[in-house]
Amino acid sequence: MLRRNGSRGCSAERLAREFEVSVRTVKRDLAALENSGAPLWSRPGPGGGYGLAIGASLPPVSLSPAQAVALMAAVSAASDAPYADLAAAGIKKILDVLDPRTRARADELAGRVWVNAPPSASRAIRSALEEAMAEQRVLRLRYTSGDGTSTTRDVEPVLFACTNGQWYLVGWCRLRDAMRWFTVSRIERASVTKTACGGHSIQEVGEPPASARPVHERG
C-alpha cells in the first residue's frame, strides 16, 4: 500500500482503517519495518504520513501485464471456487508490489475483460467448508438432495471438485457410511465440529475422469 501511494504517502489512520487494526499497531509495525531495513520515510503534521523511498525495492514479482490480468480474470470467473476470497486477496498483494508501469498497464488491460460470475453459496457456508477441508475436521451439514429431501449429516471432507461449472464437496458421509458427492449450492447450513477426520483418502473417491486434474501437480 505504501508503494502504491508513491510520493503522496499514507497516514497511519488510513493504514489502520485499511487493515482493520489500531493506529498504535500500525505505528509499531512501521517501526519494525524500518528497523528491519525497509527504506521508509515519515512526514509529521497535517497532510503527513508514511511512505516508501523512491527507487526502493521490495521482493521482486516478475509478472507481465497479461499474466496479472490472467490471475484477476481466473479468480473473478470462479468466485464460487474454494478459497476464492483468499486468492483475490493474494492477487491484490501481488499487484501492489508490481512496478508502477506494469501495474498501470495491467489495470488498463483488466478494463477490457468482463466477467459475469455465477452466484455462489453464502460466505458463511463456504468459509466452513474451506476451514474444515484445511484443518481436516468433520463438517455438520444441512443438505437438500435433488429430490428435495433435507437431512442433517456429519461429513469428513476429502476434496473439492468442479465439473460442468458446478462445485462439489466430496467426503465420507457418516450417515450413509460411504463416500458421497455434495453439491455445494444445495448445502443450506454448515458448521465445523471439533472432531478430527478419520483419515479417508483421495483414492477412496475413485478414479477421476481422464480430463480431470488437481489445480497443482506436485513436483
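See the structure shown above.
Bear in mind the structure is a predicted one, so any value in this text is a computation, not a measurement.

Here we look at unusual backbone geometry
So, step 1. Positive phi, close to 55°, is recorded for N164, a residue that is not glycine.
So, step 2. What makes N164 exposed here is its relative accessible area of 81%.
So, step 3. The residue D177 is not glycine, and still its phi comes out positive at about 55°.
So, step 4. On the secondary structure map, D177 appears in the loop between β5 (166–173) and β6 (178–183).

What about the environment of P46?
So, step 1. As for its position among the elements, P46 is in the loop between β1 (40–43) and β2 (49–52).
So, step 2. A C-alpha to C-alpha distance of 36 Å links P46 and A87, two positions 41 residues apart in sequence.

Some thoughts on the nonpolar core
So, step 1. The biggest cluster of nonpolar side chains holds 18 residues, and the ones touching the most others in it are L129, L139, L141, L169, F182, I187 and A190.
So, step 2. Contributions of two or more residues to this core are made by α7 (123–135), β3 (137–144), β5 and β7 (187–196).
So, step 3. The biggest single contributor to this core is α7, with five residues.
So, step 4. For F182, the residues in contact, after removing those within four places along its chain, are L141, Y143, R153, V155, W167, Y168, L169, G171 and C173.
So, step 5. By size, the runner-up hydrophobic cluster in this structure holds 10 residues, among which are M1, C10, L15 and V26.

A word on the state of the cysteines
So, step 1. By the definition in use, this model includes zero disulfides.
So, step 2. Considering cysteine sulfurs only, C197 is the nearest to C173, which forms no disulfide, with 13 Å between them.
So, step 3. Exposure remark for C197: the relative accessible area of 17% places this residue in the buried category.

Describing the pairing of β5
So, step 1. Within β5, seven of the eight residues are buried, leaving the element largely enclosed by the surrounding structure.
So, step 2. Of the strand pairs in this sheet, strand β4 (residues 150–163) and β5 are connected by eight bridges, and their pairing is antiparallel. By the bridge assignment for β5, T163 is matched with Q166.
So, step 3. The turn linking β4 back onto β5 is made up of two residues, and N164 within it adopts a positive phi angle of 55°.
So, step 4. With six bridges joining them, β5 and β6 adopt antiparallel strand pairing. The residue bridging Y168 from the neighbouring strand is T183, located in β6.
So, step 5. The antiparallel pairing of β5 with β6 creates a hairpin that spans four residues between the two strands, and D177 there sits at a positive phi of about 55°.

Side note on helix α2 (residues 12–19)
So, step 1. A12, L15 and A16 are the residues of α2 that are buried. Mapping the buried residues of α2 onto a view down its axis gives an arc of 100°, with all of them on the same face.
So, step 2. Against α1 (2–5), α3 (23–35) and β2 lie the buried residues of α2.

Quick look at the sheet that holds β6
So, step 1. Judged by pairing direction, the sheet is antiparallel, and its five strands sit side by side in the order β6-β5-β4-β3-β7 without closing on themselves. The open sheet has two edge strands, β6 and β7, and neither has a second partner. This sheet shows a mean twist of 45° between the axes of neighbouring strands, independent of strand direction.
So, step 2. Sheet topology places β3 next to β7; six bridges connect them, and they run antiparallel. Opposite R142, over in β7, you have R189 as the bridge partner.
So, step 3. In the packing of α7 onto the sheet, the strands contacted are β3, β4, β5 and β7, and the crossing angle to β7 comes to about 30°.

Regarding α7
In an α-helix there are 3.6 residues to a turn, and that puts residues three or four apart on one side.
So, step 1. Between its first and last C-alpha atoms α7 spans 18 Å; for 13 residues at 1.5 Å apiece the expected length is 18 Å, and the two agree.
So, step 2. When α7 is considered as a whole, its buried residues turn out to be I125, R126, A128, L129, E130, A132 and M133.
So, step 3. Buried residues in α7 make contact with α5 (84–96), β3, β4, β5 and β7.
So, step 4. Directly beyond the C-terminal end of α7, a positive phi value near 55° is found at Q136.

Basis of the calculations
Residues numbered from 1 in each chain as written. Predicted model: local features only at pLDDT ≥ 70, side-chain atom pairs only at ≥ 80, totals over all residues. Heavy atoms only, no water. Buried < 20%, exposed > 50% of the residue type's maximum accessible area, 1.4 Å probe, protein only. Helix = DSSP H or I, 4+ residues; strand = E, 2+ residues; numbered from the N terminus. Core = buried A, V, L, I, M, F, W, Y, C linked by side-chain atoms within 4.5 Å. Contact = heavy atoms within 4.5 Å. Disulfide = S-S within 2.5 Å. Pairing = 2+ DSSP bridges. Arc of directions from axis to C-beta. Axes fitted to C-alpha atoms, helices over the stretch in contact; angles between N-to-C directions. Expected span 1.5 Å × (residues − 1).

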